[in-house]
Amino acid sequence: MPELPEVENLRLGLMRKIVGQKIKSVKVLAPKLVSGSGNIRASSRVKAAEFIGGITGKVIEGIERRAKNLIFRFKNGGLLLVHLKMSGQFVYREGKKMVEGGHPIELSRSELPNKHTHIIFELSRGTLYYNDIRTFGYLLYFKNQSALDKTGHFKDVGPEPLSREFTLEYFIGALKSKKSKLKSILLGQSVVAGLGNIYADEACFEAGVRPTRIASSLRVEEAERLYFAIKRILKRAIETGGSSVATYMLLDESRGNYAREHKVYGRGGEPCVNCGKKLKSITLNGRTTVFCVGCQR
Ligand SMILES: [Zn+2]
């Protein structure tokens, strides 16, 4: 699943290409993707018709990111909320130029649309494809901000880690009140937004704390180290274009470079870069979690 740095890079890439363009027409091949946001959801033809009616003819004014969601804003009102979930991808093609971002789907390089293409946006200058292998992603149209607010979509999403709202005092206080394991708290989005499996493990390693610790047990110094590790790692990952790890590709056709800097993610069983001990790999909340028993307490 693309995490904050990957979604942010996708946003920046799409901003450069499609802002100011008009959506001339939309084809929804899989109504399920525009019918709701749960992993299990029925296809709704009514929702698909609303989606098509809502965005056809609209001019894309800007694209924002909140946690791992993208929000496309249209001139004269209306917005589109997109979550790529496990395996969603955007490909924009304009003449011979083709750019993509999201889960890498090799087929999209040779064939567009392809069997994973579910929504096709014809824009003034090119075509934007939404492709998704597992179809857990969603694209939801809202006629205005208050319609989105009413759904409570972001009500349990904590502050953006690179924003001013995410202060050290806040983070220390939030961890103190949580009795679950640190990794679950970081993945849970309510204390801090945007972290997934990669950056949660990397941040815990950099902070020297085990992801299996109960969040409230962290001493102030440990919480402080984790706070700065989260900010530093995410900033660095955004700068380098995020992580590819066979799940993410950038819009300018390059793969994210941050994967080369992973110290624990995907390295279970390999030696720790600090102490040389074999990195431990466990399953926590159904997710592979890697840490060093020597460097992390
Ligand atoms: Zn170590």
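Residues numbered from 1 in each chain as written. Predicted model: local features only at pLDDT ≥ 70, side-chain atom pairs only at ≥ 80, totals over all residues. Heavy atoms only, no water.

## Thoughts on helix 7 (residues 197-207)
Within helix 7, 10 of the 11 residues are buried, which leaves it mostly tucked inside the rest of the structure. Along helix 7, the positions that sit buried rather than exposed are Asn197, Ile198, Tyr199, Ala200, Asp201, Glu202, Ala203, Cys204, Phe205 and Ala207. (Buried < 20%, exposed > 50% of the residue type's maximum accessible area, 1.4 Å probe, protein only. Helix = DSSP H or I, 4+ residues; strand = E, 2+ residues; numbered from the N terminus.)

## Let's talk about the sheet that holds strand 2 (residues 60-66)
Ordered in space as 2-3-4-9, the four strands form an open sheet in which the pairing is antiparallel. This sheet does not close on itself; its edge strands, each paired only once, are strand 2 and strand 9 (138-142). Across the sheet, the mean angle separating the axes of adjacent strands is 20° when strand polarity is ignored. Note that strand 2 and strand 3 (residues 69-74) share six bridges and pair antiparallel. Bridged to Ile63 within strand 3 is Phe72. Against the sheet, helix 1 (residues 4-18) engages strand 2 and strand 3, with an angle of about 175° to strand 2. Contacting strand 3, strand 4 (79-83) and strand 9, helix 2 (residues 45-55) crosses the sheet at an angle of about 65° to strand 9. (Pairing = 2+ DSSP bridges. Axes fitted to C-alpha atoms, helices over the stretch in contact; angles between N-to-C directions. Contact = heavy atoms within 4.5 Å.)

## Description of the coordination of the zinc ion
For the zinc ion, the full set of protein donor atoms is Cys272 (SG), Cys275 (SG), Cys292 (SG) and Cys295 (SG), and the range of their distances to it is 2.2 to 2.4 Å. Metal-centred angles of 99 to 117° between the four donor atoms at the zinc ion mark the site as tetrahedral. Summarised as a motif, the one-chain spacing of the donors to the zinc ion is C-x2-C-x16-C-x2-C. One end of the pair, Cys272, is in the loop between helix 8 (220-239) and strand 10 (280-284); the other, Cys295, is in the segment after strand 11 (287-291), with 23 residues separating them in the sequence. A relative accessible area of 23% means that Cys295 is categorised as partly exposed. (Donors = N, O, S within 2.8 Å, 3.2 Å for Na, K, Ca; no water. Tetrahedral: all angles 85-135°; square planar, octahedral: opposite > 155°, others 65-115°.)

## Some words on the nonpolar core
If you look at the biggest cluster of nonpolar residues, it comprises 33 residues, and the most contacted ones within it are Phe171, Leu175, Leu182, Leu186, Tyr199, Leu226 and Ile230. Of all the elements in the fold, those that place two or more residues in this core are helix 5 (168-176), helix 6 (182-187), helix 7 and helix 8. With nine residues, helix 8 is the single largest residue contributor to this core. Apart from the residues lying within four places of it in its own chain, the contact partners of Leu182 are Leu175, Cys204, Val209, Arg210, Pro211, Arg213, Ala215, Leu218 and Leu226. (Core = buried A, V, L, I, M, F, W, Y, C linked by side-chain atoms within 4.5 Å.)

## Brief notes about the packing of aromatic side chains
By the definition in use, this model includes eight aromatic pairs. Ring centres of Phe166 and Phe171 lie 5.4 Å apart, and the angle between their planes is 65°; this geometry places the pair in the edge-to-face category. For the pair Phe166 and Phe171, a shared accessibility class is recorded, and that class is buried. Pairing Tyr227 with Phe228 gives two aromatic rings, centres 4.9 Å apart and planes at 85°, and the pair type is edge-to-face. Look at Tyr227 and you get buried, because its relative accessible area is 7%. An aromatic cluster is defined as three or more aromatic residues linked by ring pairs; in this entry it consists of Phe166, Tyr170, Phe171, Tyr227 and Phe228. (Phe/Tyr/Trp six-rings, centres within 6.5 Å; stacked < 30°, edge-to-face > 60°.)

## Comments concerning helix 2
Looking at helix 2, one finds that the buried residues are Ala48, Phe51, Gly54 and Ile55. Looking down the long axis of helix 2, one finds its buried residues gathered within 135° of arc, a one-sided arrangement. The exposed set on the far side of helix 2, more than 90 degrees from its buried face, consists of Arg45, Val46 and Gly53. In this structure, the buried residues of helix 2 make contact with strand 1 (23-28), strand 3, strand 4, strand 7 (117-123) and strand 9. Capping the start of helix 2, Ser44 holds a side-chain oxygen 3.4 Å from the backbone nitrogen of Val46, two or three residues further along. After helix 2 finishes, the residue Gly57 shows a positive phi value of roughly 90°. (Arc of directions from axis to C-beta. Polar contact = N/O pair within 3.5 Å; in protein donor to acceptor, adjacent residues only side chain to side chain.)

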